[in-house]
Amino acid sequence: MKCLQSVRNGELLELLAWGQGELLRAGIEEGREECERVMMKLLRCSRAELFLKEHETDPSGIRNRFLEILEKRTKRVPLAYLLKETDFWHETLLVDERCLIPRPETEILVEQVLKNIGEMKKEKFSFLDLGTGSGAIAIAILRACGNATATMTDISGGALEAAFENLKRYGLENRAEIVPSDLFRAFTDPKKWDLIVSNPPYLSEKDLKEAQEELRYEPRMALDGGKDGLDFYRAIIAQAKDLLTAGGLIGFEVGAGQAETVSKWFQEAGYDNIQRFRDHLGIERVVMARRKN
Ligand code: GLN
């Protein structure tokens, strides 16, 4: 990475423009926005405050730190890992290499779950987040439903540590239990939940091969859904029915093109009220079903 003289001595504005150029060269189109986000984080300021500082030269001695982060970003390390946080729903969560970065698509699952739990919201209810990763889904539901308690599982100990840090960030550790588990395996003494949610790994072999470079930095086991990407839905649908209370709700995030198959499996397994929801691109992103009474 070349360091121009003007970048060494110049104003923040020049540093931003230079960063944008470097990122564009690395194939990143939204470079300006990303550079601003890095600056905002380093200067601990809002976008408006950043705008006011544009003509300052290295206001808080952040230039070298900025260059270091940019260099990593040109290697396509995801921005969220470099910033060590990401916005999800109404929260800002800690994320790092231990967990998948929560995506905006997953907010559709949260939104539809909150709409569809209906009366449950007023009473005490318990839910399971299977493969919780950073804890994003569970934390969003816990914060929206003061009467809810969560069981959060993941096969990855690292992910569970990150999830616990996020629970603590929002003071929710008393309303959630964290259980290391490969799907339902840890639950030998069957427990029942009123709601099961999951964004399981769903990329197919082909998706993984064609994926953008950033994905290489995320935990493979959070992404790899087997040959057709559907392995986890197969396993979860079969087992989940006995673990839901009567009338209990189950909601999945699914990959593009998977909703129909997943709905069919719900139907074959005897679930009720199967619904599908699209994301803002029109892709079917969420499948939900109820256990019959
Ligand atoms: N949404 C992620 C992606 O497409 C995949 C997440 C997952 O496998 N659950 O990159």
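Definitions and limits used
Residues numbered from 1 in each chain as written. Predicted model: local features only at pLDDT ≥ 70, side-chain atom pairs only at ≥ 80, totals over all residues. Heavy atoms only, no water. Helix = DSSP H or I, 4+ residues; strand = E, 2+ residues; numbered from the N terminus. Rg over C-alpha atoms; globule rule 2.2 N^0.38 Å. Buried < 20%, exposed > 50% of the residue type's maximum accessible area, 1.4 Å probe, protein only. Contact = heavy atoms within 4.5 Å. Areas by Shrake-Rupley, 256 points an atom, 1.4 Å probe, with all protein chains shown as cover. Lys, Arg positive; Asp, Glu negative; His and termini not counted. Charge placed at Lys NZ, Arg CZ, Asp CG, Glu CD. Arc of directions from axis to C-beta. Salt bridge = Lys/Arg side-chain N within 4 Å of Asp/Glu carboxyl O. Core = buried A, V, L, I, M, F, W, Y, C linked by side-chain atoms within 4.5 Å.

**Considerations on the overall build of the protein chain**
Across its full length, the protein chain carries twelve helices and nine strands. Expected size for 293 residues packed as a compact globule is a radius of gyration near 19 Å; at 21 Å, the protein chain falls within 12% of this value. By residue count, 50% of the 293 residues in the protein chain fall in the buried class. Nonlocal contacts in the protein chain, meaning residues at least 24 apart in sequence, comprise 63% of its contacts between residues at least 6 apart. For the protein chain, the accessible area works out to roughly 14,300 Å², and carbon and sulfur atoms hold 48% of it. Taking the average place of the 43 positive charges on the side chains of the protein chain and the average place of its 49 negative ones, the gap between the two points comes to 1 Å.

**Looking at helix α12 (residues 259-268)**
Taken together, the buried positions of α12 are Ala259, Val262, Ser263, Trp265 and Phe266. Down the axis of α12, the buried side of the element spans an arc of 160°, and every buried residue falls inside it. Summarising the geometry of α12, the exposed residues directed more than 90 degrees from the buried face are Glu260, Gln267 and Glu268. Lining the buried residues of α12 we find α11 (231-240), β7 (244-253), β8 (272-278) and β9 (284-290). Trailing α12 by a residue or two, glycine 270 shows a phi angle of about 85°, which is positive.

**Some remarks on the pattern of salt bridges**
Inspection of every chain in the model, using the stated rule, returns 29 salt bridges. Among the ionic pairs, arginine 32 bridges to glutamate 36, the shortest N-O distance being 3.1 Å. A residue pair is termed a helical-turn pair when its members lie 3 or 4 positions apart in one helix, as arginine 32 and glutamate 36 do in helix α3 (residues 31-43) at four residues. On the accessibility criterion, glutamate 36 (16% relative accessible area) is buried.

**So, the nonpolar core**
Val113, Ile117, Phe125, Phe127, Ile141, Leu142 and Leu195 are the most contacted members of the largest nonpolar core, which totals 32 residues. Counting only elements with at least two residues in this core, the list comes to α7 (104-116), β3 (125-130), α8 (136-144), β4 (148-154), α9 (157-169), β6 (193-198) and β9. It is α8 that contributes the most residues to this core, seven residues altogether. Dropping the residues within four chain positions of it, phenylalanine 127 is found in contact with Ala138, Ile141, Leu142, Ala148, Thr149, Ala150, Thr151, Trp193, Leu195 and Val197.

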